[in-house]
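Below, each chain spelled out in residue letters.
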Amino acid sequence: FLTEKAIPETDAYRISKLHADYAAAGGVPDTTALTAANVLSIFDGYMSQMDDDEVPEEGRMLYCTPAVRKLLKEAQEISRYIDVSKASAGIDRRVHSLDDVTIQMVPSGRMKTAYDFTDGYAPAAAAKQINMILVHPTAVIACDKHSYIRLWAHTQGDGWLYQNRKYGDLFVLENRIQGIKINEQGA
C-alpha cells in the first residue's frame, strides 16, 4: 500500500504544492525546453542565481524526471573517463550528483503542476509537466502532522484489517523563495 499508493500520492501532492506556493510567492518557473545541448547551462544558471542570492551551496537537491536524468547523462558538456584496466563487471553511466548537488529522479507522473486528489491522485486537466526542481531544504518545510498505521485481526470472518492515516503538508518559506528554481513545460 505504501509503495503503490501512499508514497506516490504524497510525492505528487508535495511537488504540486511546492509549485503552487512558489508561484503564489512570486516565483516564475522557467519554461525553456531542455535538451542535451542546454541542460547543463540551464542548471549552471540556476546555481549561479542561487549563489548570487546567497543560498547555501551545501544541501541543494535536484529533483528531475527520468527524461531530464537521461539528458544529464547525454549532456554535451560532460566528458567521461573510463578506466578499462580495472576488472569491473560493467560501465556505470548513472549520474548521482552534479557539482555536489544530489540528483533524485522522480517519475514524471508525480511531477505535474496540479492534481485532482478526489480518488487517489490524477493530473488535473490543465496540469503541466515539471521537468526539474532545484531546491535548498531551508526554502521549504515538509512535515507529517499525524501518521498512524494499525494492523489487527478482523473479528468477523477470516482476515486482517489494515488502517493507515497520514496527514501532512509542505510549505514554501516566502522569504527564502530564492532557494527554489523550477523548470516546467512551456505553453
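Heads up: the structure comes first, above all this text.
Given the structure is predicted, the values throughout are model-derived calculations rather than measurements.

> Could you give me a rundown of a negative patch on the surface, with the residues and numbers involved?
A surface patch of like charges, here negative, comprises Asp44, Glu57, Glu58, Glu77, Asp99 and Asp100. In this structure, Asp99 sits in the loop between β2 (97–98) and β3 (101–105).

> Tell me about the side chain of Thr113, residues and numbers included.
One can find Thr113 in the loop between β3 and β4 (115–116). In contact with Thr113, other than residues within four places in its own chain, are Ser16, His19, Ala126, Ala127, Lys128, Ile130 and Glu184.

> Requested: an account of helix α1 (residues 2–24), with residues and values cited.
Helix length check: α1, at 23 residues, gives a terminal C-alpha distance of 31 Å against a target of 33 Å (1.5 Å per residue), a fit within 8%. Within α1 the residues assigned to the buried category are Ala6, Pro8, Ala12, Ile15, Ser16, Lys17, Leu18, His19, Asp21 and Tyr22. The inward-facing, buried residues of α1 contact β4, β6 (130–135), β7 (140–153), β8 (160–172) and β9 (180–184). One or two positions beyond α1, positive phi appears at Gly26, with a value near 100 degrees.

> Would you mind going over the sheet that holds β6 in detail, with residue names and values included?
Reading across from one edge, β2-β3-β1-β6-β9 is the order of the 5 strands in this open sheet, with mixed pairing throughout. The strands lining the two open edges of the sheet, one partner per strand, are β2 and β9. Here β2 runs beside β3; their pairing, made up of 2 bridges, is antiparallel. Counted as the bridge partner of Ser97 is Thr102 from β3. Here helix α2 (residues 39–52) sits on the sheet in contact with β1 (61–64), β2, β3, β6 and β9, set at roughly 35 degrees to β6.

> Help me get a handle on the pattern of salt bridges, residues and values and all.
The tally for this structure, following the rule as stated, stands at 6 salt bridges. Taking the shortest distance from any N to any O, the salt bridge between Asp21 and Lys17 comes out at 2.8 Å. Remark: Lys17 and Asp21 occur in helix α1; sequence separation between them is 4 residues, near one turn of the helix. There is no split in this pair, since Asp21 and Lys17 are both buried.

> Go over the environment of Val95, please, and point to the residues and values.
With respect to the element layout, Val95 can be found in the loop between α3 (66–74) and β2. Expressed as a C-alpha distance, the spacing of Val95 and Val39, which sit 56 residues apart in the sequence, is 14 Å. Those residues in contact with Val95, other than ones at most four positions away along the chain, are Leu72, Lys73 and Ile103.

Cut-offs used in this document
- Residues numbered from 1 in each chain as written.
- Predicted model: local features only at pLDDT ≥ 70, side-chain atom pairs only at ≥ 80, totals over all residues.
- Heavy atoms only, no water.
- Patch = residues over 30% accessible without salt bridge, like charges linked within 9 Å, V, L, I, M, F, W, Y side chains within 5 Å.
- Areas by Shrake-Rupley, 256 points an atom, 1.4 Å probe, with all protein chains shown as cover.
- Salt bridge = Lys/Arg side-chain N within 4 Å of Asp/Glu carboxyl O.
- Lys, Arg positive; Asp, Glu negative; His and termini not counted.
- Charge placed at Lys NZ, Arg CZ, Asp CG, Glu CD.
- Helix = DSSP H or I, 4+ residues; strand = E, 2+ residues; numbered from the N terminus.
- Contact = heavy atoms within 4.5 Å.
- Expected span 1.5 Å × (residues − 1).
- Buried < 20%, exposed > 50% of the residue type's maximum accessible area, 1.4 Å probe, protein only.
- Pairing = 2+ DSSP bridges.
- Axes fitted to C-alpha atoms, helices over the stretch in contact; angles between N-to-C directions.

So yeah, pure geometry; function would need other evidence.
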